[in-house]
Amino acid sequence: MAERAVGIDVGGTFTDLVEYDGRELRVRKVPSSPRRPERGFAEALKTVETDPNAVLHATTIGTNAFLGQKGLELPEVALVTTLGFRDAIEIGRQVRPQTYSLSPRKPEPLVPRRLRFEVKERTSPDGEIIVPVDEDKLRRIARRIAVEDVDVVVVAFLHAYANPANECKAKEVLEEELGDVEVVCSHEVCNEYREYERTSTALVNAVLRPIVTEYVERTWDAVRDAGASEYYLMQSDGYAVPAELTLHTPAKLIESGPAAGVVAARYLGETLGRDRLVSFDMGGTTAKAGTVVEGRYEVTKEYEVGGKVHRGRRVRGSGYPVLHRFIDLTECSAGGGTILWTDEAGALRVGPLSAGADPGPVCYGKGGTDPTITDANVVLGRLNRRTLLGGEMPIDAEAADRALSELADELELEPEEAAYHALRLAVEEMARIARIVTVERGHDPREFSLVAFGGAGPLHAAELAEILEVEEVIVPLHPGVFSAYGLLAAEVAWEHVTPVMRTLEELDDEELRAVVSSTAERAAERLPREPDDVRIVVEARYRGQAHELEVQTGPDVTTDELEEAFHERHRAVHGFQLDAPVEIVNVRALAVIERKPPEPSPLKEGGEGNPKRALVETREVYFREEGYLETPVFDRDALRADDIVEGPAVIEQYDSTTLVPPGWRARVHRSGAILLHRIE
């Protein structure tokens, strides 16, 4: 991997850039352009001071497309499927988003019924072609599709994971008849069993492909203008892939930005010797939480794009299933731009609406009129009342005061009380999502360190840690652009999946190793060079079970070794094992090109108990129990290793602000990270 690299993370409010020239890191933040995110990307690249070899990027364009963002209209898609399965994508798994509703509303199918077509064909679960595809019927279907304004045709046949011959034949006929209309087969984007989920995944990829292709082409132009020859995008599983490969499976980009933050947290944990972490990312629009357990981030395959979120939990059945791997994250509407308001009963509410980048919080002076979390922090003195971003962004504190005063009048409170209560509500909501990824996953948050990042994360981290009873908060060197830094720390990888659907009794050692070997080869061939490592995972279950467990293994595994490893895994997860045949569902191979993340120069030694050299000013900061306290404000760039800052204190830097409340102490680690601990 190139030594000179740039990471760019496009968020809802700011586009963050981290530049590494081989010796030092430089960071920048520029306003995002929500309707044309490639503009913020290009503007950020213009600030680069050296010619990079590689650009790595995280984007939310896939998520935004399904949330109905203007300018990202979804293309028209047609579906050709097995006779009798036309309505499978609408029937789904009978999971209702409103469990007790007498008239539940499911999401509108990605393909209207008039564009769903059936053709006679059949493949057995063992891969035998029982009925060849009816070519004459396909040609009649093609003529019907031709009169519609269709952008993409998806072919999804029963058991195509076992043998894709019928899908391939259908694609050949449809391409011959339709000419320029793109035809996508389900096995090309998701070669796994579970017909509904595979079809849904193929449709989501087909819908996103024109949007992502256009976006990647536009950002490629900016990458070339910057002089870089390599361009990678972050996937939702925490790995970067060459940009051209993302056009094949664009649905893997849906959670790329949040994933980059967890990757960065894991790497920081390795640097500090911490292997149990809660990542807390609070940006301009949302707050997100994930976990790193024993040095590995948690991954899930159960994801629905475009679905609803209720109190941090994704509502099953409210979106479109995607059978790709995602870092396990939860989120809530609690970012710096989240709007504060009162409901019809006169109660204070926080979110879910956000002021976003345009117009943004009232204090930004861009026309915003609704008070936000950022405005509340300005009113309480926790944020600089004059400027942010190192003086580049002026702050209109008086406008924030007026907005909070109006809110406080509705609540019959003082402005500072209204602001504090609003922040407390936001922190409680953040604690809820942190508990989802810890307590509800079987982890005790008290055994974890909290890594706080995003522009607003370090402002609220200590109060969040108090609720969770977490003993340590870690604030990275550049928290406001930490996800962009995670891009530079990410490994480049590609995964290939081979469906097996056979018990170990039906396989011998030679057959098993052949499947593992071919899967590894297929994963490696998509990378730009030979991988440094190939990681093998077998998904297995007892025959008759509905869901499988992952078992890590190697290329020379035997059936006996795999069976024992599965029994052990099942005991660890469920507490027992069964006397039943073990069935292999999938073999996964992840081919990895390892990368050495950039390491900033260690801080200067010579820290003091009270680092007066870094003192900028003192100002009044509001804390609930104590009221306003005269609080020292420190410049983080002037702090040195082993400096200790006693709370209350504020530590300011270009991309973020860290609050050290009363009863907390901050120590500067030689890596540049700030470690906050409660004072006994």
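Data block above holds the structure.
Residues numbered from 1 in each chain as written. Predicted model: local features only at pLDDT ≥ 70, side-chain atom pairs only at ≥ 80, totals over all residues. Heavy atoms only, no water.

Draft legend 1. Inspection of the packing of helix α12 (residues 415-437) against helix α13 (residues 457-468) at higher detail. It is at 9 Å that the axes of α12 and α13 come closest, and there the two elements cross at 60 degrees. One way to sum up the angle between α12 and α13 is to call them oblique. For the crossing formed where α12 meets α13, the hand is right-handed. Residue-level contacts link Tyr-420, Leu-423, Arg-424, Val-427, Glu-428, Met-430, Ala-431, Ala-434 and Arg-435 of α12 to His-460, Glu-463, Leu-464, Ile-467 and Leu-468 of α13. (Axes fitted to C-alpha atoms, helices over the stretch in contact; angles between N-to-C directions. Helix = DSSP H or I, 4+ residues; strand = E, 2+ residues; numbered from the N terminus. Parallel < 35°, antiparallel > 145°, perpendicular 65-115°, else oblique. Left-handed = near helix turned anticlockwise from the far one by under 90°. Contact = heavy atoms within 4.5 Å.)

Draft legend 2. View of the pattern of salt bridges. According to the stated counting rule, one finds 61 salt bridges in the structure shown. One salt bridge in this structure joins Glu-192 and Arg-588, with 2.9 Å as the shortest N-O distance. Here the residue Glu-192 occupies a position in the loop between α6 (186-189) and α7 (195-225), and Arg-588 occupies one in strand β32 (residues 582-593), the gap between them amounting to 396 residues. On the accessibility criterion, Glu-192 (5% relative accessible area) is buried. Residue classification places Arg-588 among the buried positions, given a relative accessible area of 3%. Via salt bridges that share partners, Glu-192, Lys-301, Arg-325, Glu-495, Glu-539, Glu-550 and Arg-588 belong to a single interconnected network. (Salt bridge = Lys/Arg side-chain N within 4 Å of Asp/Glu carboxyl O. Buried < 20%, exposed > 50% of the residue type's maximum accessible area, 1.4 Å probe, protein only.)

Draft legend 3. Up close: the packing of helix α11 (residues 397-411) against α12. Where α11 meets α12, the closest approach of the two axes is 8 Å, and the angle between their N-to-C directions is 90 degrees. On the basis of their axis angle, the class for α11 and α12 is roughly perpendicular. Contacts from Leu-404, Ser-405, Ala-408 and Leu-411 in α11 reach Pro-415, Ala-418 and Ala-419 in α12. Here the residues of the contact of α11 with α12 are counted per class, giving six nonpolar, one polar and no charged. (Nonpolar A, V, L, I, M, F, W, Y, C, P; charged D, E, K, R; others polar.)

Draft legend 4. Local environment of α13. For α13, a buried count of eleven out of twelve residues is recorded, marking the element as mostly surrounded by other parts of the structure. Along α13, the residues that are buried comprise Gly-457, Pro-458, Leu-459, His-460, Ala-461, Ala-462, Glu-463, Leu-464, Ala-465, Ile-467 and Leu-468. Where α13 ends, the next residue or the one after it, Glu-469, has phi of about 65 degrees, a positive value.

Scope: geometric values only; no functional claims are made or implied.
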